Each structure stands twice: as structure tokens, then as C-alpha cells.
Amino acid sequence: ATGLPPGMSFNSTTRKLTGTPTTAGVYPVVVTATDSTYSTCSGSRTINLRVCPVLNFSSLTTTGIVGTAYTSSAAASNGTGPYSYSVSAGTLPPGLTLATGSGAVTGTPTTSGTYNFTIAATDATSCPGSQDYTITISCPTITVTPNTLAFATVGSGYSQTVAFGAVGLTGAYT
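Residues numbered from 1 in each chain as written. Predicted model: local features only at pLDDT ≥ 70, side-chain atom pairs only at ≥ 80, totals over all residues. Heavy atoms only, no water.

Caption draft 1: Layout of the pairing of strand β1 (residues 8–11). As paired strands, β1 and strand β2 (residues 16–19) are joined by four bridges and run antiparallel to one another. Within β2, the residue paired with asparagine 11 across the bridge is lysine 16. Where β1 hands over to β2, the hairpin turn is made up of four residues, of which arginine 15 adopts a positive phi near 60°. (Pairing = 2+ DSSP bridges. Helix = DSSP H or I, 4+ residues; strand = E, 2+ residues; numbered from the N terminus.)

Caption draft 2: Focus on the environment of valine 66. Inspection of the secondary structure assignment puts valine 66 in the loop between β6 (63–65) and β7 (70–73). On a C-alpha basis, the gap between valine 66 and threonine 110 in space is 5.2 Å, while along the polypeptide they are 44 residues apart. Apart from residues lying up to four places away in sequence, valine 66 is in contact with Pro109, Thr110, Thr111, Ser112, Ile137, Ser138, Cys139 and Pro140. (Contact = heavy atoms within 4.5 Å.)

Caption draft 3: Inspection of the packing of aromatic side chains at higher detail. Summed over the entire model, instances satisfying the criterion amount to two aromatic pairs. With centroids separated by 6.4 Å and ring planes inclined at 45°, the aromatic side chains of tyrosine 83 and tyrosine 85 adopt a geometry described as tilted. Accessibility assignment for this pair places tyrosine 83 and tyrosine 85 in one class, buried. (Phe/Tyr/Trp six-rings, centres within 6.5 Å; stacked < 30°, edge-to-face > 60°. Buried < 20%, exposed > 50% of the residue type's maximum accessible area, 1.4 Å probe, protein only.)

Caption draft 4: Expanded view of the state of the cysteines. Scanning the entire structure with this criterion turns up one disulfide. Between the sulfur of cysteine 52 and that of cysteine 127 lies a disulfide, 2.1 Å long from S to S. Sign of the S-S torsion, about -80° for the bond between cysteine 52 and cysteine 127, identifies this disulfide as left-handed. You can see cysteine 52 sitting in the loop between β4 (42–51) and β5 (56–57) and its partner cysteine 127 sitting in the loop between β12 (113–122) and β13 (128–138), a full 75 residues away along the chain. (Disulfide = S-S within 2.5 Å.)

Caption draft 5: Looking closely at the side chain of aspartate 123. Looking at the element boundaries, aspartate 123 is found in the loop between β12 and β13. No salt bridge is formed by the buried aspartate 123; its nearest oppositely charged neighbour, arginine 50, is found at 6.5 Å. Polar side-chain contacts of aspartate 123 include one of 2.9 Å to the backbone nitrogen of threonine 80. At a separation of 2.9 Å, a polar atom in the side chain of aspartate 123 contacts the main-chain amide nitrogen of cysteine 127. Leaving out residues up to four positions away in the same chain, aspartate 123 has contacts with Gly79, Thr80, Pro82 and Tyr83. (Lys, Arg positive; Asp, Glu negative; His and termini not counted. Salt bridge = Lys/Arg side-chain N within 4 Å of Asp/Glu carboxyl O. Polar contact = N/O pair within 3.5 Å; in protein donor to acceptor, adjacent residues only side chain to side chain.)

Caption draft 6: Up close: the side chain of threonine 118. Among the secondary structure elements, threonine 118 is positioned in strand β12. In terms of polar contacts, threonine 118 uses its side chain to reach the side chain of aspartate 132, at 2.6 Å. Sequence-distant contacts of threonine 118, that is, excluding residues within four places in its chain, are made with Ser86, Val87, Ser88, Ala89, Ser130, Gln131 and Asp132.

Caption draft 7: Seen up close, the sheet that holds β6. Here we have four strands laid out as an open sheet, ordered β6-β13-β12-β9, and mixed in their pairing. Single-partner strands in this sheet number two, and they are β6 and β9 (84–90). Ignoring strand direction, the axes of neighbouring strands in this sheet form an average angle of 35°. Relative to β13, β12 is paired through 10 bridges, and the arrangement is antiparallel. Considered in β13, the bridge of threonine 118 is made with aspartate 132. (Axes fitted to C-alpha atoms, helices over the stretch in contact; angles between N-to-C directions.)

Caption draft 8: The nonpolar core, seen in detail. Ranked by size, the top nonpolar core spans 20 residues in total, and within it Phe57, Leu60, Tyr85, Val105 and Ile119 carry the most contacts. Elements that contribute at least two residues to this core include exactly β10 (96–98), β12 and β13. The element contributing the most residues to this core is β12, with four residues. Not counting chain neighbours up to four residues away, the residues in contact with phenylalanine 57 comprise Ala74, Ala75, Ala76, Tyr85, Ile119, Ala121, Gly129, Ser130, Gln131 and Tyr133. (Core = buried A, V, L, I, M, F, W, Y, C linked by side-chain atoms within 4.5 Å.)

Spelled out as C-alpha cells, the structure:
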């Protein structure tokens, strides 16, 4: 075999390519088979071997708050754009979505928790890559008021003068 990528070789005993390619690209590998009985008889084939680069991904913001807009991006690089994106394992936090054309993760989270998922990307030459992510969504700080109550006395009626309230919520509270 000829035309191999740097870092690879052909093993004539196993008739297999082996090694660790060091340079991305498309390599036209020529494989020739010669008849061991009739050495003048042979056939060749050129097969393109694509060596893909390792795709790099940007970091996502690792935290968010229920009810607060979230925007971050898992944009891929080091390949040939444009890229297409998908969630290949796990799930995004409820309320967030992945833009399949840009890698943007946006939305308003609706449920607290820790979410583990994998974003996969494929570049314009069909080279794949993926990255694992974790986003932790927390509840907003909710403050209950008032912070003090009037004293009550044993054997005497009591009526609270100020109703309990809460701030920091995005909706009604119970």
C-alpha cells in the first residue's frame, strides 16, 4: 500500500493498515494485490482514507437558575465548517434547547437538578466529534417575609398583623 497518512503503515502479513495518523486530510491509498503463483498478474485499487481532526468544543456555562434566561454555546472548531449538532446522550435541562446549526444552548430552565448530556457535532466533511457536559440548575433565592413576628402570650388570642409574603419567585407562591 502506498499513499498512507503520516504515522500509518501497511502490515503485509495481516494485510491491514495500522498506526496512529498524525495529520488530518484525505489520503488516496493505493493497494496492490499480486498473485503469488503468477507474479505478473496483479490488481490495484485507490481508496480514499479520510483522517479526521479532533474536534474541539467550547465550554458551556455550568450553572443556571430556574426562571432565568440561559445562553451559552458548545461551538465546535478545528474541523471544516459548517457544523451540525445534536444531543447524543442524556438530556438538556427542561426548558433549554440546542440549536442544531450553531451549537447554542438557550432557553429558560424550568426544573432544578443536575443534568449530564453529550453534544455531538459533525463537520462539513462528515468528521464527527462529541463532548460531555454537566449543567446544574438551581432554584432562585426565595425570601419569606416578614422576618419577625409579634410575641404571643399563653392564654391570649393572637392575630398576625402582617401576612406572610415571598420575594424572588417568578410566579405565584403557595
